[in-house]
Amino acid sequence: MSLPQHVHTLVVGAGFAGMGLAARILRSGPEADVLIIERGHDVGGTWRDNTYPGCACDVPTSLYSFSFAPSADWSHTFARQPEIYRYLKKVAADTGILSRVVTDCALEQADWDDAKAVWHVRTSRGSLTADVVVAATGALSTPSIPDMPGLDTFGGTTFHSATWNHDHDLTGERVAVIGTGASAVQFVPEIAPRAKHVTVFQRTPAWVIPRLDRVLSDPEKRLYRRMPLVQKAVRGSVYSFREALGGVLAHATGLLPLFEMVAKAHLRRQVRDPELRRKLTPDFTIGCKRMLLSNDWLRTLDRPDVTLVDAGLAGITEDGVVDAVGNEHKVDTIIFATGFTPTEPPVAHALRGTDGHTLAEHWKGSPHAYKGTTVTGFPNLFLMYGPNTNLGHSSIVYMLESQSAYITDALDAMRDNDIAAFEVTEEAQRRYNARIQSGLQSTVWNKGGCSSWYYDAEGRNSVQWPTFTFRFRSQLQRFDRENYVARRKSEQEA
Ligand code: N01
């Protein structure tokens, strides 16, 4: 499919966010002028890209799926990456989105033209204009590889967990894994039995709790197919349980030690070596960093052919990794499980607002927006999974669907009222962010005594949503025009 010269709504990214929005727009008007550009070869976003062994969702799939597209085909309560990717491709086909996606088309630059109230967009496949741009590029899509001394001298193979090298066989190899977050706990148990030796470099131990996963039985799937209301009720109960957890995290309540008791018992059950248990015991309050869910990570670290190094990293040599106490660990392959760069999204460098400066120049490493969705100085731009929309307890799909409702309502308001441009007022954005930061004060992310990627260059937590997700939904259920400066098309032409 080639690019048109002009489109009304240009969505950048065909992952859960962009697909959910496009599906909603098409549901309310199949003729809607909406186009998705996608830098990858297919839809699917993070579930297309992350293909590391053992990759699975750590949120129950009953909740981590579109509310408008329930599926009775999940293999487990926590679905695996291949089936989530398949699910997204099916939704794209079933909803008609697929015919609106231009793949292998990366956004390079988008400049707001205030006189014409239009975005001039340059992509890797040509240029076009758009009335509205929606950045649905994901917060956790750009892999972060630490700038380690000597990395370029390493003689073996290196890759990041999010860009797994499937052509490289780890069988019989000595492998270093740097990082012990949500991705590492999923793939290390998968590669350890094949590798000759795995050395895991841990900077900070994480709290790990059991993943209450099980195979979904055929009778259960049949029941869901015949009685979708039952599946809906399951989704509702999972959601309610998670909201209760959200309240505990958000208010750093006295219930948190209960989770610590579960995590400590899990560690005792899985790791026999007391010295290893000591290394794996965090010194911050549970929930301060994302709790990890795994039934085999801790046990794997107790294997004789797996070593946990918690001494810190000094650098890389031609033959391996040197830790902070000077020991060289000779390896054939280094796998970076070092996460992403949510507070420095590349899309922020591509978008230029009313003053000609990029979003990244405005943010200076400390992102802020109104309702995580709109930004002063950037009319007709909507962000999905923007600042302060990430969760520690529930499904991001719920947040994205809330944003989809808000954006669709804004698009309807533009069409019905002859509006050329909406721009959120500085005052509304300032007040909103002050409220969010104040709400974050009492949370475990703030009070839990850890450092995490939730904190940005200015030391603000610009990543987490501070409270229950239903509060986010209620704030976004209606496009609040009163907080925006609107410019009519008639004024535009005058
Ligand atoms: O990345 P992470 P991830 N030197 O940022 C360490 C989502 N996700 O890819 O804790 C040494 O969690 C870092 O150490 P520390 C989920 O939201 C979802 O695992 O910062 N170590 C940490 O151990 C998750 O939160 C699913 O001290 C360095 C690790 O690398 C997010 O993706 C599944 C380092 C990075 O952990 C990211 O997860 C998987 C350095 N310079 C992931 N820099 C679902 O199932 C970093 N580290 C939905």
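Quick caveat: nothing in here was measured; it's all calculated off a predicted structure. Each chain has its residues counted from 1, following the order in which its sequence is written. For a predicted model such as this one, the threshold for reporting local features is a pLDDT of at least 70, and the threshold for listing and counting side-chain atom pairs is 80 or more; totals across whole chains, interfaces and linings nevertheless cover every residue.

**Brief notes about the confidence of the model for the protein chain**
Put simply, the rule reads: The pLDDT value expresses, per residue, how confident the predictor is, ranging between 0 and 100.
In this model, the protein chain carries a mean pLDDT of 95, and residues with pLDDT of at least 70 account for 100%. This prediction of the complex comes with two scores: 0.96 for pTM and 0.97 for ipTM.

**Comments concerning the domain arrangement of the protein chain**
Heads up, the condition is: Residue ranges for the domains originate in an automatic or database domain assignment. In this description, a residue-residue contact is defined by the distance between C-beta atoms placed from the backbone, which must lie within 7 Å. Only DSSP runs of H or I reaching four residues or more are called helices, and only runs of E reaching two or more are called strands; each is numbered from the N terminus.
Domain assignment breaks the protein chain into domain 1 (6-142 + 341-491) and domain 2 (151-212 + 238-336). A straight line from the C-alpha centre of domain 1 to that of domain 2 covers 30 Å. The partner domain 2 presents 31 residues to the 30 residues of domain 1 that form the contact. When residues of the side of domain 1 that touches domain 2 are traced back to their parent elements, those giving at least two are α14 (444-447) and α15 (469-476).

**Quick word on helix α13 (residues 426-440)**
To keep things clear, this is the line we draw: Every helix has an expected span of 1.5 Å times one less than the residues it contains. For the exposure call, what matters is how many other C-beta atoms sit within 10 Å of a residue's own: 20 or more marks it buried, 12 or fewer exposed, and in between partly exposed, using C-beta atoms placed from the backbone. By construction, the arc corresponds to the directions joining the helix axis to the C-beta atoms.
Over its 15 residues, α13 extends 21 Å from the first C-alpha to the last, a length consistent with the 21 Å expected when each residue adds 1.5 Å. Looking at α13, one finds that the buried residues are Y432, I436 and L440. Down the axis, α13 shows its buried residues gathered within 75 degrees of arc, on one side only. Seen from the open side of α13, the exposed residues pointing more than 90 degrees away from its buried face are E426, E427, A434, R435 and S438.

**What about the packing of helix α1 (residues 16-28) against helix α12 (residues 396-416)?**
Each pair of packed helices can be summarised by the angle the axes make with each other and by the distance between the axes. To be explicit about the condition: Between N-to-C directions, angles cover 0 to 180 degrees, with each direction set by a line fitted to C-alpha atoms, over the stretch in contact for helices. Any angle that falls under 35 degrees is termed roughly parallel, while one over 145 is termed roughly antiparallel, one within 65 to 115 roughly perpendicular, and all others oblique. Helix crossings fall into two classes, left-handed where the near helix is turned counterclockwise from the far one by less than a right angle and right-handed where it is turned clockwise. Polar here means any residue other than Ala, Val, Leu, Ile, Met, Phe, Trp, Tyr, Cys and Pro, which are nonpolar, and Asp, Glu, Lys and Arg, which are charged; Gly is therefore polar.
Running from amino to carboxyl end, α1 crosses α12 at an angle of 40 degrees, the nearest separation of the two axes being 9 Å. As far as their axial angle goes, α12 and α1 are oblique. In this structure, the crossing between α1 and α12 has a hand that is right-handed. Contacts from F16, A17, G20, L21, R24, I25 and S28 in α1 reach V397, L400, E401, S404, I407, T408 and L411 in α12. When grouped by side-chain class, the residues that make up the contact of α1 with α12 number 8 nonpolar, 4 polar and 2 charged.

**Here we look at the site of the ligand**
Formally: Using a C-beta atom placed from the backbone for every residue, we mark a residue as near a molecule or strand if that atom lies within 6 Å of it.
Of all residues adjacent to the ligand, which total 22 residues, the nearest are P146, G179, G181, R203 and G339. Each residue belonging to the shell around the ligand can be placed in one class, and the counts come to 11 nonpolar, 8 polar and 3 charged.

**Examining unusual backbone geometry**
With phi around 60 degrees, Y385 is a residue other than glycine that occupies positive phi space. On the secondary structure map, Y385 appears in the loop between β18 (381-383) and α12. Of note, the phi angle at D418 is positive, near 60 degrees, even though the residue is not glycine. Relative to the elements of secondary structure, D418 occurs in the loop between α12 and β19 (419-424). With 12 C-beta atoms counted inside 10 Å, the residue D418 sits in the exposed group.

**So, the nonpolar core**
Stated precisely, the cut-off is as follows: What makes a nonpolar core is a set of buried Ala, Val, Leu, Ile, Met, Phe, Trp, Tyr and Cys residues, with links drawn between C-beta atoms within 7 Å.
Within the largest apolar cluster, 94 residues are counted, with the highest numbers of intra-cluster contacts made by L10, V12, M19, V133, V134, A135 and M384. Among the elements that take part in this core, α12 stands out by supplying 9 residues, more than any other. Lining this core are residues from two domains, each supplying at least three of them: domain 1 (6-142 + 341-491) and domain 2 (151-212 + 238-336). In this structure M384 touches A17, L21, V134, A135, A136, L400 and Q403, once residues within four positions along its chain are discounted. Within the second largest apolar cluster, 40 residues are counted, among which are Y52, V188, L292 and A337.

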